[in-house]
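An overview of the molecular structure
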Amino acid sequence: GRLPPEGTKFDVLAGGAARRLVEREAYVSVAGPVIKFGKKSHAECAAFSPDGAFLVSGSIDGFLEVWDFERGKLRLDLPYQESDQLMMHDAAVLSLGFSRDSELLASGSQDGVLKVWRPRTGQCVRRFPKAHAGGVTCVAFARDG
């Protein structure tokens, strides 16, 4: 067969020019599970990983928790969470951000501390004790890592 004009994207699986699939937007018709926190705690921030494997919340008590968002329960398939060795800050967690490959999670807290974690293991790989004079309210990874 003929190839499309130079510069045109080609979809090998469809056998023709690439087409953009547009899904119709719709309202949520059924509510999902509710994630419950303790009486003296609440979430200050939350983030989904780009690969969809993690939903992490940062709470007022300094804990970062990874959730099974389909069941509304803490993920106990992560050994560090199963053994109650949660990721945490000394102050309220105000911001979360994932790297593009979902391998790293940055968290910022009310006391100006920034930490970088491996969400699969719960390991803190970097700590910046004076990242900001006030609370760290926004974190993001650069596109190039």
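Above this text is the structure in question.
We now turn to the structure provided with this report. Predicted model, so just to flag it, every value in this text is computed and none were measured. (Residues numbered from 1 in each chain as written. Predicted model: local features only at pLDDT ≥ 70, side-chain atom pairs only at ≥ 80, totals over all residues. Heavy atoms only, no water.)

Some words on the overall build of the chain
Selection rule: Secondary structure is summarised from DSSP: a helix means a run of H or I of at least four residues, a strand means a run of E of at least two, and numbering begins at the N terminus for each. Any residue under 20% of the maximum accessible area for its type is buried, any over 50% is exposed, and the rest in between are partly exposed; the area is computed with a 1.4 Å probe on protein chains only. Any pair of residues with heavy atoms lying within 4.5 Å of one another is described as a contacting pair.
Each helix and strand counted, the chain has 1 helix and 11 strands in total. In sequence order, the secondary structure elements of the chain are arranged as β-β-β-β-β-β-α-β-β-β-β-β. Taken across its 145 residues, the chain has 34% of its residues classed as buried. Taking the intrachain contacts of the chain between residues at least 6 apart in sequence as the baseline, contacts between residues at least 24 apart amount to 39%.

Points about the pattern of salt bridges
Under the convention used in this document: Salt bridges are identified by distance alone: a Lys or Arg side-chain nitrogen within 4 Å of an Asp or Glu carboxyl oxygen.
With the rule as written, the count across this model stands at 4 salt bridges. Close ionic contact of R71 with D68 constitutes a salt bridge, the shortest N to O distance being 3.3 Å. Its salt-bridge partner being R120, residue E103 comes within 3.3 Å of it at the nearest N-O pair. One end of the pair, E103, is in the loop between β8 (93-98) and β9 (105-109); the other, R120, is in the loop between β10 (114-118) and β11 (123-128), with 17 residues separating them in the sequence. Taken together, the shared-partner salt bridges connect D51, E103 and R120 into one network.

Digging into the pairing of strand β4 (residues 55-59)
This is how the line gets drawn: Pairs of strands are assigned from DSSP output, requiring at least two bridges between the strands.
In terms of burial, β4 is largely enclosed, as 5 of its 5 residues are buried. Burial along β4 is two-sided: the face carrying L55, S57 and S59 and the face carrying V56 and G58 are both buried. Pairing of strand β3 (residues 43-48) with β4, which is carried by 5 bridges, proceeds in the antiparallel orientation. Looking at β4, one finds that C45 is bridged to G58.

Quick look at the nonpolar core
Stated precisely, the cut-off is as follows: We define the nonpolar core as a collection of buried residues of types Ala, Val, Leu, Ile, Met, Phe, Trp, Tyr and Cys that are connected through side-chain atoms lying within 4.5 Å of one another.
Grouped together as the largest cluster of nonpolar side chains are 14 residues, with contacts concentrated most on V56, L64, V66, M87, L96, F98 and L105. Those elements giving two or more residues to this core turn out to be β3, β5 (63-68) and β8.

Focus on the sheet that holds β11
Where we set the bar: Simply put, an axis is a line fit to the C-alpha atoms, just over the touching stretch for a helix, and the angle between two N-to-C directions goes from 0 to 180 degrees.
Within the open sheet, the 4 strands sit side by side as β8-β9-β10-β11. Their pairing is antiparallel. Only two strands of the sheet have a single neighbouring strand rather than two, namely β8 and β11. For this sheet the average axis-to-axis angle between neighbouring strands, irrespective of direction, equals 20°. Here β8 pairs with β9 via 5 bridges, running antiparallel. Each residue of the ladder has a partner; that of F98, found in β9, is L105.

Some remarks on the environment of F98
Position of F98 relative to the elements: it lies in strand β8. Overall, F98 belongs to the buried group, its relative accessible area being 10%. As a C-alpha pair, F98 and F48 span 50 residues in sequence and 7.9 Å in three-dimensional space. Setting aside chain neighbours within four positions, we find F98 in contact with A47, F48, S49, P50, F54, V56, L104, L105, P119 and F141.

Remarks on the pairing of β8
Counted residue by residue, β8 has 5 buried out of 6 residues, so it is predominantly covered. Between β8 and β9, which pair antiparallel and follow one another directly, the connecting turn spans 6 residues, one of which, S102, has a positive phi of 65°.

It is worth stressing that arrangement in space is one thing and function is another; only the former is reported here.
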